[in-house]
Amino acid sequence: MSRLSKKITRRRFVYGSALATGGLVLLPNLSRSVLGANDKIRVAGIGCGGKGQSDIMKCINAGEEVVAGADIDSGRAASLANDVAKARDGRKPTVYDDFRVMLDKQHKEIDAVTVSTPDHFHAIAAATAIALGKHAYVQKPLTHTVYEARILRKLAADKGVCTQMGNQGTSRDSLRTGVEIIQEGIIGDVKEVHVWSNRPVWPQGAEMTKKFEEGKGAKAPGGWNYDVWIGPQSMRPFNGAYGHFIWRGFWDFGTGALGDMACHTMNLPFWALSLEYPTSVQATVPAVYEVTPPEWSRIVYEFPARKVVKTGKELPAVTLHWYDGNTRQGHLPDSEKQYADAAAKVDAKLGAELKKAKSNSGSLFIGTKGALYSPGDYGDAIVLLPAEKFPGDYKKHAPKPWLPRHKGGGDDQNQTNEWLAAIRENKPDLAMSNFEYSAYFTEIILLGNLAMRVPGDAIKWDGPKMRSPNSKAANGFVHHEYRKGWKLPIELNV
């Protein structure tokens, strides 16, 4: 077991066990002083539209103060300022088109930041804020590259700040029950897992390649600071295909279907099975494109045997299958639904339903004593199979809860509340998707994108060294050189 995995599994064990026994024992940390009971956490948002606005308003809902916001789109920044003012007695936050200017001018007035931007901007924004001692809530996927995930994990630990990734299913009771069921061995040893998504729902592959060619020569929308939008990537002319949301379909700005959804749908397997660095990753794709991820992908991760600290139990090696593709576009044909075939071996009815695409996303664990099926993106529900062995509601077969539960509020709000509670109580571990966990998780997810860009033979992986011993091409995608003027606050020798 790697040193990092020991730290992660110990953190989960100590937190859960303490709550189960009525005490709260947390690993030591070096974060800043606890806020006074009447002090508000002063939050600044980096990315003010769409999910960014939602993340910032969740802080308002929790009673905290939003003091500033930054967005390259002046219209979105102004809209946020107005919405915050409506919620806070007319007090508008100061808004900027460059987060660096915001932090330079107002860093003494800011305790924490939310980062809700295109993927390529996550690490540079979060790392800059964390280096100044700011707590950070960052949308999924946490980073754009494997290297950036390692940077954020180290930087957050060094600075002792409170962090959280926005994979809100982590705060869902059903997902946490699923973790407990699997870790307590209710379905036996798990050696096979299937995870699938109906993404992409934006253009990718040949469709995006066509849009990119058609978009050449366009001008950036009015009110856009395009130079800042490009951020650490190499400068290039604006393209009409670089729009809100569909940037996910570009390698330079997004991470495709895998990066968008695996932080949700693979979360239950990663946590429940205490997964570590895989020994190999192998991808099958319809084609390799220069600027865009493919229309669909099949990825196979091979994970080694490992041990769960909570029970001391040895876990067997496990194979995890990932599938993405949009059924409406014909990219997920029934003949390739291996997870449906796997389900059919345990429960014929479920297998038949999955072959009819009744579940557009979900995860399936095949154990030696049964199976666990979780439909949806966020561990939405838990189904134990076969039904005759596990009749009725899954909670009847679950062990006594040892992970914390939330009382209403909704997943997004609870995810934010955990982070704010961690800040307020000076205990980073209270946020269950803190960077010690989520950066490691993101790093592993993004190995699938390396494999997509070098499909075919399995890519062997040396996790601690962050490199492949058999694929020089894959190593070339671990990170990229930043544009002049953009720099991470620390570097790693790998």
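Our subject in this report is the structure included herewith. (Residues numbered from 1 in each chain as written. Predicted model: local features only at pLDDT ≥ 70, side-chain atom pairs only at ≥ 80, totals over all residues. Heavy atoms only, no water.)

## Looking at the pattern of salt bridges
And step 1. Applying the stated criterion to the full structure yields 19 salt bridges.
And step 2. When the shortest N-O distance is used, the salt bridge between Lys51 and Asp412 registers 2.9 Å. Linking Lys51 in helix α2 (residues 51-61) with Asp412 in helix α14 (residues 411-425), this pair joins segments that are 361 residues apart in sequence.
And step 3. Asp412 gets classed as buried once you look at its relative accessible area, which sits at 19%.
And step 4. Note that Arg405 is salt-bridged to Glu180, the shortest N-O span being 2.7 Å. Taken together, the residues span a long stretch of sequence, with Arg405 in the loop between β15 (383-385) and α14 and Glu180 in helix α7 (residues 173-183) at a distance of 225 residues.
And step 5. One network of salt bridges, in which partners are shared, links Lys140, Arg199, Arg248 and Asp260. (Salt bridge = Lys/Arg side-chain N within 4 Å of Asp/Glu carboxyl O. Helix = DSSP H or I, 4+ residues; strand = E, 2+ residues; numbered from the N terminus. Buried < 20%, exposed > 50% of the residue type's maximum accessible area, 1.4 Å probe, protein only.)

## What to know about the packing of helix α5 (residues 119-131) against helix α6 (residues 146-159)
And step 1. In the contact formed by α5 and α6, the axes pass within 10 Å of each other and the chain directions differ by 15°. By the angle between their directions, the pair α5 and α6 is classed as roughly parallel. Considering how the two elements wind past one another, α5 and α6 form a crossing that is left-handed. Judged by residue contacts, Ala123, Ala126, Ala127, Ile130 and Ala131 of α5 engage Glu148, Leu152, Leu155, Ala156 and Lys159 from α6.
And step 2. For the contact of α5 with α6, the class distribution of residues is 8 nonpolar, no polar and 2 charged. (Axes fitted to C-alpha atoms, helices over the stretch in contact; angles between N-to-C directions. Parallel < 35°, antiparallel > 145°, perpendicular 65-115°, else oblique. Left-handed = near helix turned anticlockwise from the far one by under 90°. Contact = heavy atoms within 4.5 Å. Nonpolar A, V, L, I, M, F, W, Y, C, P; charged D, E, K, R; others polar.)

## A closer look at helix α15 (residues 435-453)
And step 1. Look at α15: 26 Å from first C-alpha to last across 19 residues, which is about the 27 Å you get at 1.5 Å a residue.
And step 2. Summarising burial for α15: 18 of the 19 residues are buried, a large majority.
And step 3. For α15, the capping residue at the N-terminal end is Asn434, with a side-chain oxygen 3.1 Å from the backbone nitrogen of Glu436. (Expected span 1.5 Å × (residues − 1). Polar contact = N/O pair within 3.5 Å; in protein donor to acceptor, adjacent residues only side chain to side chain.)

## Focus: the side chain of Arg483
And step 1. For Arg483, the position within the fold is in the segment after α16 (472-475).
And step 2. Setting aside residues no more than four positions away along its own chain, Arg483 makes contact with Asp227, Ile230, Gly231, Pro232, Gln233, Ser234 and Met235.

## Things to note about the packing of aromatic side chains
And step 1. Applying the stated criterion across every chain, the model contains 27 aromatic pairs.
And step 2. When the ring of Trp229 is compared with that of Tyr242, the centres are 5.7 Å apart and the planes differ by 25°; the resulting orientation is stacked. You can see Trp229 sitting in helix α9 (residues 226-230) and its partner Tyr242 sitting in the loop between α9 and α10 (256-265), a full 13 residues away along the chain.
And step 3. Owing to a relative accessible area of 5%, Trp229 belongs among the buried residues under this scheme.
And step 4. Look at Tyr242 and you get buried, because its relative accessible area is 4%.
And step 5. Connected via pairs of aromatic rings, a cluster forms that spans Phe212, Trp224, Tyr226, Trp229, Phe238, Tyr242, Phe250 and Phe253. (Phe/Tyr/Trp six-rings, centres within 6.5 Å; stacked < 30°, edge-to-face > 60°.)

## A look at empty space enclosed by the protein
And step 1. Under the criterion given, the structure shown has 6 cavities of 30 Å³ or more.
And step 2. Computed from the structure, the second largest cavity encloses a volume of approximately 50 Å³.
And step 3. Every residue along the wall of the second largest cavity is listed here: Ile182, Gln183, Gly185, Gly188, Asp189, Val190, Leu273, Lys313 and Leu315.
And step 4. Of the residues assigned to the lining of the second largest cavity, the class counts are 4 nonpolar, 3 polar and 2 charged. (1 Å grid on protein atoms, 1.4 Å probe; cavity = no way out; pocket = protein on both sides within 12 Å on 5 of 7 lines; lining within 4 Å. Points joined across faces, edges and corners; volume = space filled by probe spheres on them.)

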